[in-house]
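Commentary on secondary and tertiary structure
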Amino acid sequence: MAMTTSRFAPILALAAACAPAGSQWSITLVSASEEDPFASATDIQVSLCSNECNDCRPVESFQRADGSGTLGELGYDSYRVEVRLLDGQENIVGYGGSACYRFAGEDRQTTISVGKAGAFFTARKESGDDVALEFGLAGMSATSLEGGRVLLAGGAEIDSDGKLTSIHAEAFLYDPDTGGLDPAPSMSTPRAWHTATTLKRNASGVKRVLLAGGLTIGGNSVQATPTADVFDPGDETFQAADGAMREPRFGHAAAALLSSEVLLVGGGQVAAGAELPIALGDLSVTASRTADEFTPLGRSGQFGAVDGNMVEARMWPTATALGEDVAIIGGAGDDGSPAEDETVERYHAGPMVFCPGQNPEERPACPDPDAAGSFDVVENGGVRERYGHAAALLGAAGAEIVVAGGIGANGSAMTSVEIYTLETIPAPVGSRTLREPRAFPTMISIDADRFLVVGGHDSGVPQDTAEIWSPSTGESGGLINLAAGGRLWHAMAKLDNQMILIAGGATSPDGKGGWTGQTSIELYVPDGDALRSGD
């Protein structure tokens, strides 16, 4: 099989007939990595994923000799395509995939960027130009949407002196198929270091996104905001949430509850008098013990205060749902030190009833107003003192939480990794570690036994590497270089095609400290079983 290996040259054209309308889905493959994955490939494996894009099967009838093939007839369903490049030993050396599309008789042309497996590469458009933000933005959010796109929202500009110079309300939609970064409407309020939480499907069948709190600006002053916006990907609009949280908060945590509500906890408020330009570390911050719940009723939803407060004030904690409970781990107090004695608190939502005035068939239950949720301390929670860490659910059952990195009791970045569960206390600490210390990293699950941990900082220098940590071994494999240098305060999201997007953040121009905004967007292509199985 002859293959063209020049970058961004069309490699292969696939055609799919969409029955009964006879429309065509034309797919072109291009190389996206600096190191061309097609150069070492001897075979191309194409899979078609149907049944709402969840069931993938190899396409046996694919013809490669003339550079074209057919995926067969497609009905009115949702589909995506996965492409794997194999070497002579059937190792996966490259991967690419489309978003999930629902066909209704229209023609579609899709370009799939194929990257080298196990590596990062700069995201690029169909034209071959790099995808980049207009401004270097730290503290922005990235949220995967149904249909494959990613919502990038907010963030703060950082100058060459490491000072915040502006906070943005702008938002963008990244399309992994075209590499396009299209402007979306702006939020009602500029915000950075906010939370972005996907809401459960509403009566219209749409999963919206709640963007809450964060740092904002009023004139030239910097302050935290108690406001929120709700993004509707159906009509691509933002709607300001009704009401506000009981306190302004940034650097807080949020978790979606089984009832469809969102719990928002901790964070901090900024003392009056802070003006741009100012470094994030120079803000005078008071950590919060309070919490709020957001109920997604109607277009804009509404806030309600949670009865009672946490035992500890917590700035930069994590909040992770475990069934009907939320584990609130770590966080810093007013003095910037990690919470010492009560490192874990648990929020338990009250019994569920149907929301007043709502059709029970249209939405899940709401908390019983006569049985409010409550906080309690998990004694000997087994988690070391830390803040600015990353947390993610472990396994399909979601009964355990992986906690990685952060800043410890001595004020230094940590390599420690722990697994926390409400059922076994204290959780065994063992010798689980990252290869490099990482404060404020991001972490996301690749598959059932691997987590990608990206960036963060050590002694103020943004890390220019990532690593894959495995709970079965308790350690990481080798370090993986990022494509665009160090990243701190960046945003990360998993795409429908299994790739992982990393956007924005702060970087160190000389690699020795001093922060400035990062404009680049890059993608990570997993390797191994995640790509082989399509999980």
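Criteria and cut-off values
Residues numbered from 1 in each chain as written. Predicted model: local features only at pLDDT ≥ 70, side-chain atom pairs only at ≥ 80, totals over all residues. Heavy atoms only, no water. Helix = DSSP H or I, 4+ residues; strand = E, 2+ residues; numbered from the N terminus. Buried < 20%, exposed > 50% of the residue type's maximum accessible area, 1.4 Å probe, protein only. Contact = heavy atoms within 4.5 Å. Areas by Shrake-Rupley, 256 points an atom, 1.4 Å probe, with all protein chains shown as cover. Pairing = 2+ DSSP bridges. Axes fitted to C-alpha atoms, helices over the stretch in contact; angles between N-to-C directions. Core = buried A, V, L, I, M, F, W, Y, C linked by side-chain atoms within 4.5 Å. Salt bridge = Lys/Arg side-chain N within 4 Å of Asp/Glu carboxyl O. Phe/Tyr/Trp six-rings, centres within 6.5 Å; stacked < 30°, edge-to-face > 60°. Polar contact = N/O pair within 3.5 Å; in protein donor to acceptor, adjacent residues only side chain to side chain. pLDDT = per-residue confidence, 0-100.

1. As for the overall build of the protein chain
Summing up its helical and strand segments, the protein chain has one helix and 50 strands in all. Buried residues in the protein chain amount to 57% of all 535 residues. Pairs at least 24 apart in sequence give 59% of the contacts found in the protein chain among residues at least 6 apart. Working note: accessible area of the protein chain is about 20500 Å², and carbon and sulfur atoms make up 45% of it.

2. Topic: the sheet that holds strand β13 (residues 150–153)
Pairing in this open sheet of four strands is antiparallel, and the strands run β12-β13-β16-β17 from one edge to the other. The open sheet has two edge strands, β12 (141–144) and β17 (180–184), and neither has a second partner. Across the sheet, the mean angle separating the axes of adjacent strands is 25° when strand polarity is ignored.

3. Description of the environment of V131
Note that V131 resides in the loop between β10 (119–122) and β11 (137–138). Along the sequence, V131 and E522 sit 391 residues apart, while their C-alpha atoms lie 8.3 Å from each other. Every residue in contact with V131, bar those within four places of it in the chain, is listed here: A123, R124, K125, Y174, G179, L181, S520 and I521.

4. Topic: the pairing of strand β32 (residues 344–348)
Sheet analysis places strand β31 (residues 325–329) next to β32, joined by five bridges and oriented antiparallel. Paired with A327 across the strands is R346, a residue of β32. In terms of strand pairing, β32 meets strand β35 (residues 374–377) through four bridges, oriented antiparallel. Across the sheet, the residue bridging to R346 is D376, located in β35.

5. Re the sheet that holds strand β28 (residues 291–295)
Taken in spatial order, the four strands of this open sheet run β24-β25-β28-β29, and their pairing is antiparallel. Since the sheet does not close on itself, it has two edges, and those belong to β24 (253–256) and β29 (302–305), each with one partner. Taking each pair of neighbouring strands and ignoring which way they run, the sheet shows an average axis angle of 25°.

6. Considering the nonpolar core
Looking at soluble globular proteins, one finds that nonpolar side chains tend to be buried together. Counting 30 residues, the largest nonpolar core has W193, L215, F250, L283 and W489 as its most contacted members. Of all elements in the fold, only β14 (156–158), β15 (164–167) and β21 (221–224) reach the threshold of two or more residues within this core. In this structure L283 touches L215, V222, F250, V270, A274 and I278, once residues within four positions along its chain are discounted. Ranked by size, the runner-up nonpolar core spans 23 residues in total, among them A142, L152, L181 and A491.

7. Some points on the pattern of salt bridges
The final tally for this structure, using the stated rule, is 14 salt bridges. Salt-bridge contacts for E82 lead to R84; the nearest nitrogen and oxygen are separated by 2.5 Å. Residue E467 is joined to R438 by a salt bridge in which the shortest nitrogen-to-oxygen separation is 2.9 Å. With E467 in strand β43 (residues 465–470) and R438 in the loop between β38 (417–420) and β39 (442–447), this residue pair connects regions lying 29 residues apart in the sequence. A cluster of three or more residues bridged by salt bridges with shared partners is formed by R80, E82 and R84.

8. Considering the packing of aromatic side chains
As enumerated under the stated definition, the model contains nine aromatic pairs in all. On the basis of an interplanar angle of 50° and a centroid distance of 4.9 Å, the ring pair of F231 and F238 is categorised as tilted. Accessibility expressed as a relative area gives 0% for F231, which makes it buried. With relative accessibility at 13%, the residue F238 sits in the buried group. Aromatic pair W316 and W489: ring centres 5.3 Å apart, planes at 40°, arrangement tilted. Remark: W489 occurs in the loop between β45 (480–481) and β46 (491–494) and W316 occurs in the loop between β29 and β30 (318–322); sequence separation between them is 173 residues. One exposure class covers both W316 and W489, and it is buried. Feature note: the residues W193, F250, W316, Y387, F440 and W489 constitute an aromatic cluster, connected by ring pairs.

9. Let's talk about unusual backbone geometry
The omega torsion across L276 and P277 is -10°, close enough to zero to call that bond cis. For P277, the position within the fold is in the loop between β26 (268–270) and β27 (285–287). We note that F440 has phi near 60°; this positive angle belongs to a residue other than glycine. By the element assignment, F440 lies in the loop between β38 and β39. Looking at F440, the relative accessible area reads 12%, which means it is buried. The backbone of W489 sits at a positive phi, close to 60°, despite the residue not being glycine.

10. Here's the deal with the pairing of β46
Bridge count for β46 against strand β47 (residues 500–503) is four bridges, and the pairing is antiparallel. Counterpart to A493 in the pairing with β47 is L501. As consecutive antiparallel partners, β46 and β47 are separated by five residues, and within that stretch Q498 has a phi angle of approximately 80°, a positive value.

11. Examining the environment of A305
Of note, A305 is situated in strand β29. Spatially, the C-alpha atoms of A305 and E293 are 6.1 Å apart, while their sequence positions differ by twelve residues. With sequence-adjacent residues up to four places away left out, A305 is seen in contact with R246, A291 and D292.

12. So, the side chain of S300
Secondary-structure assignment places S300 in the loop between β28 and β29. Residue classification places S300 among the buried positions, given a relative accessible area of 9%. Among the polar contacts listed, one links the side chain of S300 to the side chain of D242, at a separation of 3.1 Å. Residue contacts for S300: discarding those within four places in its chain leaves R208, V230, Q239, A240, A241, D242 and F294.

13. Observations concerning the environment of C56
With respect to the helices and strands, C56 occurs in strand β4 (residues 55–58). Excluding anything up to four places from it in sequence, C56 contacts L48, C49, R80 and E82.

14. Quick notes on the confidence of the model for the protein chain
Summing up the model confidence of the protein chain, the mean pLDDT is 83 and the portion of residues at 70 or higher is 82%. Predicted confidence is poor over residues 17–21, with pLDDT under 50, and the contacts of this stretch with residues over four places away or in other chains come to 15 contacts.

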